[in-house]
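Residue-level structure breakdown
Each chain, letter by letter, is given below.
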Amino acid sequence: MIDTGTFKPKTVYVIYIAATPEKVWQALTDPELSQRYFHGSRLEVEPKVGGSFAVRFPDGRLNVRGEVVEWSPPRRLATTWIVEWVPETGSPLSRGRADVMGPHRSAALIFSSDAEPGQSSFASSVLSGFSTVLRWTCRSSGS
Amino acid sequence: MSTSKPKFVYVTYIAAPPERVWDALTKADISEKYWFGYRVAADGKAGDFMTATSPAGKLAHRDPIVESDPPRRLVYGWKPLYKDVPDERPSRVTFELKPFKGQTRLTVIHDEFDEDSKIFGMISKGWPAVLSSLKSFLETGRALDPSWNEEEQKRGAEADA
């Protein structure tokens, strides 16, 4: 179990999104919605501290697994992050956190990780797609 | 090479061709619509100046353009002229635009800061807001509302602390 008090992000990515924090939270935690911005991958989050967290490839294979460390809808989701397919002992345990800010119709999503920088293009790629999908779903749901 | 000098890197993917992203980054009439009212003109050649004017009409920047290769690469200096900004040596902003399938991968690199730069902290909060608004504007025609911006940036800073 991770002591979140010692969480020291090395990578931080911020994106502002024209959607409510609730919508952003939904996209982070709904597997069906995540597939539409995560290049076909699914995010699976068990909604409680200590619950399981997984990212699955489009074919269903496990990509990343972890544990939910913080669960505070619609504001903060923190998980551990172990990349399954890295050979040998697997990737070092890292931690990722998503903070959703914003009281009104626009949200700021702050994605931080204690993994070394260099994965940041991954974060920007996913989150750029994320904001596009969110806008689309907000529009189609009439909000 | 010194690693203590801060460097800001931000990547965002925009569903618009590089030419449109370039125009938005360099033409004041477009920047005004998403850059929270600032008119940013950077459509000159290397050796010309980038100028930025605040919504109140005050000159906020007059910095040399170092490189201009439309619609791929733009480099200019960065020395804010507005009040209450620490007097630091000019830093440097680099925009790289890479096309793919009619979309753009935009990378912004802001570096050449003093080691203990205060301005670095300011731009680290500022670019994500400006570039998110740019993305929204080019994709939907609507920029982001700046009214929540300042408060959210403060809260973001606290969350990171």
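Residues numbered from 1 in each chain as written. Chains lettered and ligands numbered in written order. Predicted model: local features only at pLDDT ≥ 70, side-chain atom pairs only at ≥ 80, totals over all residues.

**Observations regarding the sheet that holds strand 3 (residues 52-56) of chain A**
All names here are of chain A. Strand order in the open sheet formed by seven strands is 1-7-6-5-4-3-2, and the pairing between neighbours is antiparallel. This sheet does not close on itself; its edge strands, each paired only once, are strand 1 (11-17) and strand 2 (42-45). Between one strand axis and the next, the sheet turns by 20° as a mean value, whatever way the strands run. Taken together, the seven bridges between strand 1 and strand 7 (residues 107-113) define a ladder with antiparallel strand orientation. Residue pairing for strand 7: Ile-17 is matched across the bridge by Ala-107. Docked against the sheet, helix 1 (residues 21-29) engages strand 1, strand 2, strand 5 (76-83), strand 6 (94-101) and strand 7, running at close to 155° with respect to strand 6. (Pairing = 2+ DSSP bridges. Helix = DSSP H or I, 4+ residues; strand = E, 2+ residues; numbered from the N terminus. Axes fitted to C-alpha atoms, helices over the stretch in contact; angles between N-to-C directions. Contact = placed C-beta atoms within 7 Å.)

**Description of the nonpolar core**
If you look at the biggest cluster of nonpolar residues, it comprises 58 residues, and the most contacted ones within it are Ile17(A), Val24(A), Ala107(A), Leu109(A) and Val21(B). The element best represented in this core is helix 3 (residues 119-140) of chain B, accounting for six residues. (Core = buried A, V, L, I, M, F, W, Y, C linked by C-beta atoms within 7 Å. Buried ≥ 20, exposed ≤ 12 C-beta atoms within 10 Å, placed from the backbone.)

**Details of the sheet that holds strand 2 (residues 39-41) of chain B**
Residues and elements named next belong to chain B. Taken together, seven strands build an open sheet; the order of strands is 1-7-6-5-4-3-2 and the sheet is antiparallel. A strand with exactly one partner marks an edge of an open sheet, and here the two such strands are strand 1 (8-14) and strand 2. Looking at each pair of strands side by side, their axes are set apart by 20° on average, direction ignored. Here strand 2 runs beside strand 3 (residues 49-53); their pairing, made up of three bridges, is antiparallel. Residue pairing across strands places Val-40 opposite Ala-52, the latter belonging to strand 3. Along the sheet, helix 1 (residues 18-26) contacts strand 1, strand 5 (73-78), strand 6 (91-100) and strand 7 (103-111); its crossing angle with strand 6, the most-contacted strand, is approximately 160°.

**A short note on the pairing of strand 6 of chain B**
Residues and elements named next belong to chain B. Here strand 5 runs beside strand 6; their pairing, made up of six bridges, is antiparallel. In the strand pairing of strand 6, Trp-78 is matched with Ser-91. Of the strand pairs in this sheet, strand 6 and strand 7 are connected by nine bridges, and their pairing is antiparallel. Within strand 7, the position partnered with Leu-97 by the bridge is Leu-106. Hairpin connection, strand 6 to strand 7: the antiparallel pair is bridged by two residues, and Lys-101 has positive phi, about 50°.

**Brief notes about the confidence of the model for chain A**
Residues and elements named next belong to chain A. Model confidence for chain A is summarised by a mean pLDDT of 76, while 66% of its residues fall at 70 or above. Within chain A, the element-level pLDDT minimum falls on helix 3 (residues 120-140), averaging 57, and the maximum on strand 2, averaging 94. Per-residue pLDDT stays below 50 along residues 138-143; that stretch engages in three contacts with residues further than four places along the chain or on separate chains. (pLDDT = per-residue confidence, 0-100.)

**Some thoughts on helix 3 of chain B**
Residues and elements named next belong to chain B. Relative to the 32 Å expected for 22 residues at 1.5 Å per residue, helix 3 spans 31 Å between its end C-alpha atoms, a close match to the ideal helical length. At Gly-126, helix 3 is bent by approximately 25°, the largest bend along its length, and proline Pro-128 sits one to four residues beyond. Count one or two residues on from helix 3 and you reach Gly-141, which has phi positive near 85°. (Expected span 1.5 Å × (residues − 1). Bend = angle between axes of the 7 residues up to and from the residue.)

**A look at the environment of Ala16(B)**
Residue and element names in this part refer to chain B. Relative to the assigned elements, Ala-16 resides in the loop between strand 1 and helix 1. In sequence terms Ala-16 and Glu-139 are 123 residues apart; their C-alpha atoms lie 6.8 Å from each other. Discounting chain neighbours no more than four positions away, the residues touching Ala-16 are Val-21, Gln-103, Thr-104, Leu-138 and Glu-139.

**Quick notes on unusual backbone geometry**
Each neighbour pair has its own omega, and for Pro73(A) with Pro74(A) the value is 0°, a cis peptide bond. Mapped onto the secondary structure, Pro74(A) falls in the loop between strand 4 (62-72) and strand 5. For the bond running from Pro70(B) to Pro71(B), omega is -5°, close enough to zero to count as cis. Note that Pro71(B) resides in the loop between strand 4 (59-69) and strand 5. Phi angles above zero are rare outside glycine, and Glu112(B) is one such case at about 65°. Mapped onto the secondary structure, Glu112(B) falls in the loop between strand 7 and helix 3.

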